[in-house]
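Examination of the molecular architecture
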Amino acid sequence: MNKYKYLAFIFSVILIVLVLSSCFLLRPALTKPQLLSPANGATNVSTTATLTWKPSNVAQTTYEVFIGQNASKTEYVASTEQTSFVVNNLSYNTTYYWKVVSMANSQVATSDTWSFTTVKAFPSRPFLSVTGVSTSSVALGWTESENASAITLYGSTSTVFSQYAHLSGSSTSYTVNNLVPSTVYKFFVVATNASGRATSNTVNATTLSYTPSVVPALPVIKSFGVTYVSTNTITLGFQTQNASKMYIYNPPSALLTTLSGNATSYTITNLKPSTSYSYFIVAINPSGRATSETVTATTESYVQMTSFPVYIGDKPVSPSLIQHLYVTLNGFSVHATFSGTSTWYTSPASGTYDLTTLVGTSIKFTGITLPASAMVTQIRFEISSATIVVNGNSYSLNIPSSTIYMNMNNINAMESAGVYLDFDISQSVEYTGQGYLFKPVIHMVNGNMRASVMGSVMYNSMPLPMATVSLSNSSTVVAETYTMPNGRFTISAVQAGNYTLTVEASGITSYSTSVSLSKGMNNVGDINLPALPVYPK
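So, here is what we can say about the structure in this document.

Applying the stated criterion across every chain yields a total of 17 aromatic pairs. Ring centres of Y154 and F188 lie 5.2 Å apart, and the angle between their planes is 20 degrees; on these two criteria the pair is classed as stacked. Taken as a pair, Y154 in strand β12 (residues 150-156) and F188 in strand β15 (residues 184-193) lie far apart in primary sequence, 34 residues in all. Ring centres of F332 and F365 lie 4.6 Å apart, and the angle between their planes is 45 degrees; this geometry places the pair in the tilted category. Here F332, found in strand β27 (residues 322-338), pairs with F365, found in strand β30 (residues 362-371); they are 33 residues apart in sequence, far enough to count as distant. Across this residue pair, the class does not change: F332 and F365 are buried.

Shown next, in the form of structure tokens:
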């Protein structure tokens, strides 16, 4: 009996061991999760992404989800028994790495690590504008839309819009062609990417009216001739109608130049003096052409030119209250006869001078260019303003006659050394109850005949200052000055010739002597005045 009980016990133990071993050996191994979506390397994934994977091969499996921006440092985000999980608030345009770990029956299995990149941010709104319009086209431009993958242009002549173009996201302009003239069009563009869309403002553009081309009438040459001739140039003047181009020819067939149809003149240069030249013109347009008559002109003979200098100065005068006298001169011209023709030759020079600084001297004002063989007969200039300084006070001078004419005795331009205009301050300024008048008294001297005189006045072997020295001709005082502290004097810019030189001083006997002045400087040396007799008391 005990024997049977013992055998039964042994059999029960063996049976239990066999059952437990069978259960352990038949339990399946847990396989790693197989990821489904987003696909590995997927792009443009929403920032709210649904992660999915295949179910485990073991029932009642728990899944842990890991995700991050570094493949080696993904972070745990959730645990679920489902085979999907939604991840929110992902960053735009960012690459994420994710994996799934399954756990069942004390077993753990880890999936491969996959990656995906989220979509870009929404495109920025473009600003649309019209940049050009023609009869059949409208040019559009817009600001670049950030993050845009594509730009779609829509247009309409009513309220129903159609797609006109589908462009790359980086495009910023487009020209719509084949439009109808004189028609109002409306346009807008839409920037899109995987995240969404941004719509621009709407603009209006009216195509231009169509104007049929007009075939021009035949060209007409209304006038053609020579307007100016010099030694080396000829200027042609012309007037045409309906011309689109102009051609100038030098017969028999040499083409000189091509001009626009509205040209009215042309100057031919580098010609030879005293030479005859002929020209004709041709006016053309799409309808035809018109040819002028031939004109002939002879260039002038070569004329040697010279510069005729003009100097200004101030006659020496006795001391006066005038400290400064400023005059503004301009418009200098000389009248000359050349080849039987009398002409004014003008200089553009102008300037303001203080005449008191020119006492006894002169300065070149201008040089007037004229033919070398011309005979100068008259000079003309303007005194536009004058100011006097007396006792430190400035006064504007009234000028009764601002234009000055002075006659000359046929001075040859080539042979002359020019002309000197010497103002005489003492006789030019006049004070009235209304103020100061300026009536310029000017001595004109031919540069070829200009003479000067210098010397010293002594009294009792000592220099005599402030003595009056004058030159007279036929009892007319021509020039006058006074001696300096060292007794010296200078009178310049008088005509060469014979004069009486007179020296006068207060309390001293007047002295006169004859002098013959030649061109240039004449030195009369020391003039010793006789002492007055001394009478006994």
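A separate point is the sheet that holds strand β6 (residues 84-87). Strand order in this open sheet of 3 strands is β1-β3-β6, and the pairing throughout is antiparallel. Only two strands of the sheet have a single neighbouring strand rather than two, namely β1 (35-37) and β6. Shown here is a sheet whose adjacent strand axes are inclined to one another by a mean of 25 degrees, direction ignored. Summarising the sheet, strand β3 (residues 49-53) and β6 pair through 4 bridges and their orientation is antiparallel.

Take the pairing of strand β23 (residues 276-285) next. Counting buried positions over the 10 residues of β23 gives 8, a clear majority of the element. Bridge count for strand β20 (residues 245-250) against β23 is 5 bridges, and the pairing is antiparallel. For Y247, the partnering residue across the bridge sits in β23 and is V282. In the sheet, β23 pairs with strand β24 (residues 288-291) via 4 bridges, with the strands oriented antiparallel. Considered in β24, the bridge of I284 is made with R289. What sits between β23 and β24 in their antiparallel hairpin is a turn of 2 residues.

How each quantity is defined
Residues numbered from 1 in each chain as written. Predicted model: local features only at pLDDT ≥ 70, side-chain atom pairs only at ≥ 80, totals over all residues. Heavy atoms only, no water. Phe/Tyr/Trp six-rings, centres within 6.5 Å; stacked < 30°, edge-to-face > 60°. Helix = DSSP H or I, 4+ residues; strand = E, 2+ residues; numbered from the N terminus. Buried < 20%, exposed > 50% of the residue type's maximum accessible area, 1.4 Å probe, protein only. Pairing = 2+ DSSP bridges. Axes fitted to C-alpha atoms, helices over the stretch in contact; angles between N-to-C directions.

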